[in-house]
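Structure assessment
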Amino acid sequence: MSTMQTEYLISVDEFCANHNIEISFISSLEQTGLIEITTIKKTGFINAEQLQQLEKFIRLYYDLEINLEGIETITHLLQRMNSMHDEILMLRNRLRLYESEF
Amino acid sequence: MNFLDYYKILGIEKTATPEDVKRAYRKLARKYHPDLNPNNKDAKKNFQEINEANEVLSDPEKRKKYDQYGKDWKHAEEFEKERKYQEQSSNNQRQSYSGAQSEGDFSDFFESMFGSPPGSGRSRQVKFRGEDYYAELHLDLIDAFRTHKQTLTVNRKNIRITIPAGIENGQTIKIAGHGGKGVNGGPDGDLYITFSIANHPEIKRLGIDLYSTVYLDLYTAVLGGEITIDTLSGKVKLKVKPETQNGTKVKLKGKGFPVYKNEGHFGDLYVTYSIKIPTNLSEKQKELFTELSES
């Protein structure tokens, strides 16, 4: 049996007005694949789950003046860093098996 | 409360021009911005310091006051008078970077000289999520074995959370909405709790499997028998096969650690037998062993 999930969507126009940013910035992020926009009846919406990431992109772009290519690179490197962090954690936990044996 | 050398923090000379300040600040902000340094508490602290240093050194009035009174910050009354005068006479729109909404955390030193810290340029106008809080919770292996509730105190607020059985050492869970207050009506931040699970003296864990060593006396190892061992879910009876070798491993299916958020599912427990050689043998026992060795 499949269950229905509620999705929380925020219109791109409203988001941009609230954050005082250009709509073109959101479009550029979508074009580079950094965020996804859902279009319903010709209106673009952002899934609420992406908000945190999107606000981070805004800070990088507007506050730190990092361009889109830089944001893409940083996002990719942060993802790698996270997966390496998970791997280190897994290895540390494995190492605990042998700790205090010697 | 200590004096903060804002010039040192930004790595510039006292003679630095406004452009030098801006350049140094931008460089350090990019280096220490919390978005670029996840899980790095030092970076967050550094970022707050450089934000504070910039707030003072990029404002000619604040910089002048800092240069004049900085090291004598204890003369708070004098500063306070001047601060009130300045609040009435100027309305500076300073540019400072927002670091996941934590830019408001200026030092006591700053507040004693300049009053409450300002918001960043952009965050004054827009809604922002509140700051995310990070906490570490120490558990022992037995705590992590069962789903249980625990009360935490975060920023003087008590939060009762349910810790699901099977939580992993180093795992981080998010408690939505229990971080800092949102800015300008934005949603509250989240609370991230990282678990630190202490080693158990006898039972080791690897994911959902457990490992333990059970000491067998020589006679049970040779002749076989039944033993009772302790597991995290209680005592378990085990049959030992005759002629069991030292280092033999036995798998006890379903006696391992619970699978996280998958109730009723458990890993396995691997028991390694370690055979203890008898000591302080009597003459009679020695004779019997000699007899055995010659048979």
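A brief look at the structure comes next.

Comments concerning the overall build of chain A
For chain A, the count of helices and strands is four helices and three strands. Sequence-ordered secondary structure for chain A, helices as α and strands as β, is β-α-α-β-β-α-α. Taking all 102 residues of chain A together, the buried fraction comes to 37%. Considering only contacts in chain A between residues 6 or more positions apart, those separated by 24 or more positions represent 56%.

Examining the overall build of chain B
What chain B contains, in helices and strands, is nine helices and eleven strands. For chain B, the proportion of its 295 residues judged to be buried stands at 43%. Counting only contacts in chain B whose residues sit at least 6 apart along the sequence, the fraction spanning at least 24 positions is 61%. Per element, the accessible surface of chain B, about 17,300 Å² overall, is 49% carbon and sulfur.

A word on the interface of chain B and chain A
Note: interface size is frequently given as the accessible area lost on complex formation between the parts. Each partner contributes residues to the interface: chain B has 32 residues there, and chain A has 26 residues. Surface buried jointly by chain B and chain A totals about 2,600 Å² across both partners, of which 48% is contributed by carbon and sulfur atoms. At the junction of chain B with chain A, the criterion picks out two salt bridges. Residues Asp35(B) and Arg59(A) are paired through a salt bridge, measuring 2.7 Å at the closest nitrogen-oxygen approach.

Topic: the sheet that holds strand 3 (residues 43-47) of chain A
Residue and element names in this part refer to chain A. A sheet is described by the order of its strands in space; here three strands give the open sequence 1-3-2, paired in antiparallel fashion. Edge strands, defined here as strands with exactly one partner in the open sheet, are strand 1 (9-11) and strand 2 (37-40). Strand-to-strand twist across the sheet, computed as the mean angle between neighbouring axes with direction ignored, equals 40°. Of the pairings in the sheet, the one linking strand 2 to strand 3 comprises four bridges and is antiparallel in character.

Basis of the calculations
- Residues numbered from 1 in each chain as written.
- Chains lettered and ligands numbered in written order.
- Predicted model: local features only at pLDDT ≥ 70, side-chain atom pairs only at ≥ 80, totals over all residues.
- Heavy atoms only, no water.
- Helix = DSSP H or I, 4+ residues; strand = E, 2+ residues; numbered from the N terminus.
- Buried < 20%, exposed > 50% of the residue type's maximum accessible area, 1.4 Å probe, protein only.
- Contact = heavy atoms within 4.5 Å.
- Areas by Shrake-Rupley, 256 points an atom, 1.4 Å probe, with all protein chains shown as cover.
- Buried area = accessible area lost by both parts, 1.4 Å probe.
- Salt bridge = Lys/Arg side-chain N within 4 Å of Asp/Glu carboxyl O.
- Pairing = 2+ DSSP bridges.
- Axes fitted to C-alpha atoms, helices over the stretch in contact; angles between N-to-C directions.

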